[in-house]
Amino acid sequence: MSSLTGHRTHREPRSILPWLAAPALVVFVGFAVVPLVGVFALSFTTWDGIGAIHPSGLTSWRAVLTDPGLPHALWVTFLVMAVSWAVQTPLSILLGTFMAGRQRYRAVLGVVYFVPLMLSSAAIAIAYKALLDPNFGLGAGLEVQALSKDWLGRPGLAFGVVIFVVSWQFIPFHSLIYQGGVQQIPKSLYEAAQLDGAGRIRQFFSITLPQLKYTIITSSTLMVVGSLTFFDLIFILTEGGPADATRVLALDMYKRGFQASLMGPASVIAVILVLVGLALALLLRRLGGRDAGASQLEGA
């Protein structure tokens, strides 16, 4: 009798779990799945955003896939993604490792580094656009010739400005992720390395980086998928110019949908963005392999 009672009490919590997950599932379906299905359906229609919606089959898909501007927008999107990842990742790891130390001013630095993330992307873009103005910006005010270039009027410089501003805003967030990851590394590993005569640089490459493997995968996934949605910052800074040097897919979707009133092609680009984001997230997950902790739980 007692064993039967114990068996029931052991199974009761598991029977409650689906009900606990139900609210999150409802929110996910209502705010993620349903809009995605709606956008996918709109990609097979012709709609100007105001009038009636007319089914048009694959017309919008043909128009987008045969547009010579699509490969360029894809290239710029992947270039922004790759370069911003290459800039943000090493700097975030170094700052996160530094802030995970025992400095007295660590908490103050953490707050200061987090300030850019609390600002609106639109406000940041407006501020930088004013500062980089060749006639009335920071360079003209300080009379520094090196800062008085046409930063947003040349393709290469404009692309560099976008990467700089994106990195300036989001490095603090990823630094906090790496700070938490470094603080979870057992101190005994560093103590053993010190006994073996390993210096700080050797400890960083032999202990810190290998232990941050899954943290790097998580941070990289957020960077890569998040870079697909860069819109407001680029729209205010460059509007995709000059010469479409910064015209990413998200900006292309806005221009087609809200400026040209072509909701069908804009929905096609939205679907492409979702598919690219899912593919990259799955690829990064596959590169990360299986978590050892998850494997142990499954084995239990």
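What you see is a predicted model, and the numbers here were worked out from it, not measured in a lab.

Criteria and cut-off values
Residues numbered from 1 in each chain as written. Predicted model: local features only at pLDDT ≥ 70, side-chain atom pairs only at ≥ 80, totals over all residues. Heavy atoms only, no water. Patch = residues over 30% accessible without salt bridge, like charges linked within 9 Å, V, L, I, M, F, W, Y side chains within 5 Å. Areas by Shrake-Rupley, 256 points an atom, 1.4 Å probe, with all protein chains shown as cover. Salt bridge = Lys/Arg side-chain N within 4 Å of Asp/Glu carboxyl O. Helix = DSSP H or I, 4+ residues; strand = E, 2+ residues; numbered from the N terminus. Buried < 20%, exposed > 50% of the residue type's maximum accessible area, 1.4 Å probe, protein only. Axes fitted to C-alpha atoms, helices over the stretch in contact; angles between N-to-C directions. Parallel < 35°, antiparallel > 145°, perpendicular 65-115°, else oblique. Left-handed = near helix turned anticlockwise from the far one by under 90°. Contact = heavy atoms within 4.5 Å. Nonpolar A, V, L, I, M, F, W, Y, C, P; charged D, E, K, R; others polar. Phe/Tyr/Trp six-rings, centres within 6.5 Å; stacked < 30°, edge-to-face > 60°. pLDDT = per-residue confidence, 0-100.

A. Quick look at a nonpolar patch on the surface. A contiguous nonpolar surface patch, about 520 Å² in accessible area, is contributed by L25, F28, V29, V33, V34 and V37. Looking at where L25 falls in the secondary structure, it is placed in helix 1 (residues 2–42). Its relative accessible area of 53% is what places L25 among the exposed residues.

B. A look at the packing of helix 12 (residues 249–259) against helix 13 (residues 263–288). At a closest axis distance of 7 Å, the pairing of helix 12 and helix 13 adopts a crossing angle of 160°. Relative to helix 13, helix 12 is oriented roughly antiparallel. Relative to helix 13, the crossing made by helix 12 is left-handed. Here helix 12 contributes L249, A250, D252, M253, R256, G257 and F258 to the contact with helix 13, which in turn contributes M263, P265, A266, I269, A270, I272 and L273. Within the contact of helix 12 with helix 13, the residues separate by chemical class into eleven nonpolar, one polar and two charged.

C. Geometry of the packing of aromatic side chains. In the structure shown here, the tally under the stated rule is ten aromatic pairs. Arranged with centres 6.0 Å apart and planes meeting at 80°, the rings of Y128 and F164 form a pair that is edge-to-face. Of this pair, Y128 sits in helix 5 (residues 121–131) while F164 sits in helix 7 (residues 155–183); the two residues are 36 residues apart in sequence, bridging distant segments of the chain. By relative accessible area, Y128 is classed as buried at 15%. Among the aromatic residues, ring-to-ring pairing joins F231, F235, Y254 and F258 into one connected group.

D. Structural context of the confidence of the model for the chain. Of the residues in the chain, 91% reach a pLDDT of 70 or more, and the chain-wide mean stands at 85. In the model, residues 1–6 has pLDDT below 50 throughout and makes zero contacts with residues more than four positions away in sequence or in other chains. Counting interchain partners and residues more than four positions distant, the pLDDT-below-50 stretch residues 292–300 has three contacts.

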